[in-house]
Amino acid sequence: MSNVPDLLLRQGETDQAVEDERHAALAYLDEAWNEAVYDGLDEDCLAQAALFTAIRSLVATYGEEAAAGFASRLADRIRAGEYTVPLNRQ
């Protein structure tokens, strides 16, 4: 069973190409998220739905064991600040 890679490099792609694709994906998701919030959906419900969808996709792509291994490392990554976005204060 393959591991869920931290950086998905497909054959012939550079780190920069993958980073650009990740930024584009995040922009799409941010836009959809903001629209849903504007339409009145609760952010907690959105977060749970987004996590479910993401994990379902990882399981479908890499299998249960690899997805579970990825998920088991999330707590340490969260505590290390990998998902903390600094507030812009102006």
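Quick look at the overall build of the protein now. Along the backbone of the protein there are three helices and zero strands. Each helix and strand of the protein, placed in order from N terminus to C terminus, yields the pattern α-α-α. For the protein, the proportion of its 90 residues judged to be buried stands at 12%. Of all intrachain contacts in the protein linking residues separated by at least 6 positions in sequence, the fraction that spans at least 24 positions is 44%.

Our next topic: the nonpolar core. Judged by nonpolar contacts, Leu 58, Tyr 62, Ala 66, Ala 67 and Phe 70 together constitute the single largest core of five residues. Among the elements that make up this core, the one with the highest residue count is helix α3 (residues 64-79) (three residues).

The terminal C-alpha atoms of α3, which comprises 16 residues, lie 24 Å apart, in line with the 22 Å expected from a rise of 1.5 Å per residue. Most pronounced at Arg 73, the bend in α3 amounts to some 30°. Looking at α3, one finds that the buried residues are Ala 66, Ala 67, Phe 70 and Arg 77. Tucked inside the fold, the buried residues of α3 contact α2 (43-62). With its phi angle positive at about 90°, Gly 81 sits one or two positions after the end of α3.

Basis of the calculations
Residues numbered from 1 in each chain as written. Predicted model: local features only at pLDDT ≥ 70, side-chain atom pairs only at ≥ 80, totals over all residues. Heavy atoms only, no water. Helix = DSSP H or I, 4+ residues; strand = E, 2+ residues; numbered from the N terminus. Buried < 20%, exposed > 50% of the residue type's maximum accessible area, 1.4 Å probe, protein only. Contact = heavy atoms within 4.5 Å. Core = buried A, V, L, I, M, F, W, Y, C linked by side-chain atoms within 4.5 Å. Expected span 1.5 Å × (residues − 1). Bend = angle between axes of the 7 residues up to and from the residue.

In short, shape yes, function no, at least from these values alone.
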